[in-house]
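This is what each chain is made of:
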Amino acid sequence: MAAGPVPAAARRAYVARHFALAYPTAPPLAGLLGLPGSGAAVEVPDYSDGFFGQARPYPPPPHWRSWQQQHLPFFFDPQPETPLLVLNADTKTVALGVDVISAAFYLLSGWQEYFSDARDPHGRFPYAASVQQQFGFATVPVVNYYFEVLKTALEHHSGQPLAPRRWGPAAAPFAACLTHDIDNLHGGWGTAARHALRQRQPGRLLALAARKALGRPAPWHNLAAVQAATARHGAPGTFFLLLNHRPTPGGPANADYDFAHPAWPARLAALRRHGAEIALHGSYGTARHAPALAAEAARLHPAPTGQRFHYLGWEPRATPAIVEATGFAYDATLGFAEHFGFRHSYCLPFFPWNFAQAQAHSFLEIPLNLMDATLHHPRYLQLAAAEILPALTPMLAHIAHCGGVFTLLWHNENFDPANEVNGPRQFHEIAALLQKMGGAFFTCDDIARQLNSH
Ligand SMILES: [Zn+2]
């Protein structure tokens, strides 16, 4: 692995940059930080103990501490008996008892997956190998709470309250992206037929057979319906299109549709007229193959500003450089397929760490928090429809509290009314809950623009 030690100053600068994105009105953090005894406004101990100069994936286990009614894991916390923070009223300075800089850098940089050799059959870092799974905090954006500790220290120092980021012209307390990976348009006949049988509707069964015999569009040929479904919530959708319809040799299928079909320009124009964003769904294997990804991106006009990899493909040691080299402003791949939550323990878009160059990459990662398949799949979770909202609510409350972004992936095939498990009804319930909680909807491109504008 081409990675050298990460100096303390580089870790601090990376964390401070993201803190400024989370609290846009805060004074520059880096200049206010110092080691214990330095007399700095905010003293933070360095408990990294050489960890960022070697190639081990996991630090010592975290200690759990209470912070404003939350029970949170703190990595790099060898002295758990010291208070989390001590506010000095005379000097207006603050001494932290935990090394939140090292802990935030460790999680935000994705250190574990870069240095771990664990990969699943699709070459992805498995949830089972993560500290989030091991210590049970996948659905808590722990780094945002580390930032809240720093925010509290700065508020004590300056006497000024600091608010989390707000979103859009209405200054909404949190943002949500409703996104759709378009893998299949020609399927759904069998699903619809089984549904008609379950409902004891022989007439529908016959109508389906007639539609198929006449060569009519398949049930999953539903892009306009998907657009209308998101529009019901006042949301613009982000559609990730798969431009490769050839199966991967020895691997899974790509698109079941051919993007060269002459109907596509009119289809995309109709989606864009309704405010949708058209982005790229990098086909299987392109997460490790820069020329293939660039060739797919070049087929979309106007050029897509972002993308998400099919099968959530991601090789931490190669993919970030490929996304950057292709010139994307954002990627929207990084979530765990096996569990909803926060793969980098962070609920805002962030600039992935470039291990080879010891600095941030130039593109934003918009983390994926929930994929439809995760909720109900033989290899993932198997939640009943009624269990979905109660399971998601605590995660959404964290995002709302921290001023973050919730990104949902709902495939077009799961807008099929025949799907009663993770289908259109569950999509609408989640979108309605987001609205009720005060979230504002944006495309991924809009989210990236808002973060890049300050
Ligand atoms: Zn896909």
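Residues numbered from 1 in each chain as written. Predicted model: local features only at pLDDT ≥ 70, side-chain atom pairs only at ≥ 80, totals over all residues. Heavy atoms only, no water.

K.L.:
Any chance you could break down the overall build of the protein chain for me, citing the residues and the numbers?
P.N.:
Summing up its helical and strand segments, the protein chain has 15 helices and 17 strands in all. Principal axes of the C-alpha set define a box for the protein chain whose edges measure 80 × 45 × 40 Å. Burial analysis of the protein chain (454 residues in total) assigns 57% to the buried set. Sequence-distant contacts in the protein chain: of pairs separated by 6 or more residues, those separated by 24 or more amount to 74%. Carbon and sulfur atoms make up 57% of the accessible area of the protein chain, which totals about 18100 Å². Across the protein chain, the centroid of the 32 positively charged side chains sits 9 Å from that of the 31 negatively charged ones. (Helix = DSSP H or I, 4+ residues; strand = E, 2+ residues; numbered from the N terminus. Buried < 20%, exposed > 50% of the residue type's maximum accessible area, 1.4 Å probe, protein only. Contact = heavy atoms within 4.5 Å. Areas by Shrake-Rupley, 256 points an atom, 1.4 Å probe, with all protein chains shown as cover. Lys, Arg positive; Asp, Glu negative; His and termini not counted. Charge placed at Lys NZ, Arg CZ, Asp CG, Glu CD.)

K.L.:
Account for empty space enclosed by the protein, with residues named and values stated.
P.N.:
For the structure on display, the rule yields four cavities of 30 Å³ or more. Estimated volume of the largest cavity: approximately 100 Å³. Around the largest cavity, the lining residues are Ser-109, Gly-110, Glu-113, Tyr-114, Trp-314, Pro-316, Pro-320, Leu-334, His-344, Pro-352, Trp-353 and Phe-355. Considered class by class, the residues forming the lining of the largest cavity number eight nonpolar, three polar and one charged. Shared between two domains, the lining of the largest cavity holds at least three residues of each, these being domain 1 (8-158) and domain 2 (174-185 + 220-453). Of the voids in this model, the second largest cavity is the one considered here, and its volume is about 60 Å³. Around the second largest cavity sit Asp-120, Arg-124, Phe-125, Pro-126, Leu-312, Gly-335, Phe-336, Ala-337, Glu-338 and Arg-343, which together line it. A class-by-class count of the residues in the lining of the second largest cavity yields five nonpolar, one polar and four charged. When residues of the lining of the second largest cavity are assigned to domains, at least three fall in each of domain 1 (8-158) and domain 2 (174-185 + 220-453). (1 Å grid on protein atoms, 1.4 Å probe; cavity = no way out; pocket = protein on both sides within 12 Å on 5 of 7 lines; lining within 4 Å. Points joined across faces, edges and corners; volume = space filled by probe spheres on them. Nonpolar A, V, L, I, M, F, W, Y, C, P; charged D, E, K, R; others polar. Domains from an automatic or database assignment.)

K.L.:
Any chance you could break down the packing of helix 2 (residues 100-108) against helix 5 (residues 142-158) for me, citing the residues and the numbers?
P.N.:
Contact pair helix 2 / helix 5: the axes reach a minimum separation of 9 Å and the direction vectors enclose 155°. By the angle between their axes, helix 2 is roughly antiparallel relative to helix 5. In this structure, the crossing between helix 2 and helix 5 has a hand that is left-handed. Residues Val-100, Ile-101, Ala-103, Ala-104, Leu-107 and Leu-108 of helix 2 form the contact with helix 5, whose participating residues are Val-142, Val-143, Tyr-146, Phe-147 and Leu-150. Per-class residue counts for the contact of helix 2 with helix 5 are 11 nonpolar, no polar and no charged. (Axes fitted to C-alpha atoms, helices over the stretch in contact; angles between N-to-C directions. Parallel < 35°, antiparallel > 145°, perpendicular 65-115°, else oblique. Left-handed = near helix turned anticlockwise from the far one by under 90°.)

K.L.:
A description of the nonpolar core should follow, citing residues and the corresponding values.
P.N.:
One broad trend across soluble globular proteins is that nonpolar side chains are buried collectively. Leu-96, Tyr-146, Phe-147 and Leu-150 are the most contacted members of the largest nonpolar core, which has 132 residues in total. Ranked by residue count, the leading element in this core is helix 5, at nine residues. Of the domains in this structure, domain 1 (8-158) and domain 2 (174-185 + 220-453) are the two that each give at least three residues to this core. Once you skip the residues sitting within four places of it in the chain, Tyr-146 turns out to touch Pro-73, Phe-74, Phe-75, Val-100, Ala-103, Ala-104 and Leu-107. Counting seven residues, the second largest nonpolar core, distinct from the first, contains Leu-312, Ala-337, Leu-368 and Tyr-380. (Core = buried A, V, L, I, M, F, W, Y, C linked by side-chain atoms within 4.5 Å.)

K.L.:
How would you sum up the coordination of the zinc ion? Please name residues and give values.
P.N.:
Protein-derived coordination of the zinc ion comes from Asp-183 (OD), Asp-183 (OD), His-281 (NE2) and His-310 (ND1), at a distance range of 2.1 to 2.7 Å. Considering all four donor atoms around the zinc ion, the spread of angles at the metal, 51 to 135°, places the coordination shape in the irregular class. Between the donor residues of the zinc ion, the gaps in sequence give the motif D-x97-H-x28-H. Taken together, the positions of Asp-183 in the loop between strand 7 (174-182) and helix 6 (189-198) and His-281 in strand 9 (residues 277-282) put the pair 98 residues apart, joining distant regions of the chain. Assigned by exposure class, Asp-183 and His-281 land together as buried. (Donors = N, O, S within 2.8 Å, 3.2 Å for Na, K, Ca; no water. Tetrahedral: all angles 85-135°; square planar, octahedral: opposite > 155°, others 65-115°.)

K.L.:
Run through the layout of surface pockets, naming residues and quoting values.
P.N.:
The volume enclosed by the largest pocket comes to roughly 570 Å³. Forming the walls of the largest pocket are 28 residues, and the residues nearest its centre are Met-371, Ala-373, His-377, His-411 and Glu-413. Looking at side-chain class alone, the lining of the largest pocket contains 10 nonpolar, 11 polar and seven charged residues.

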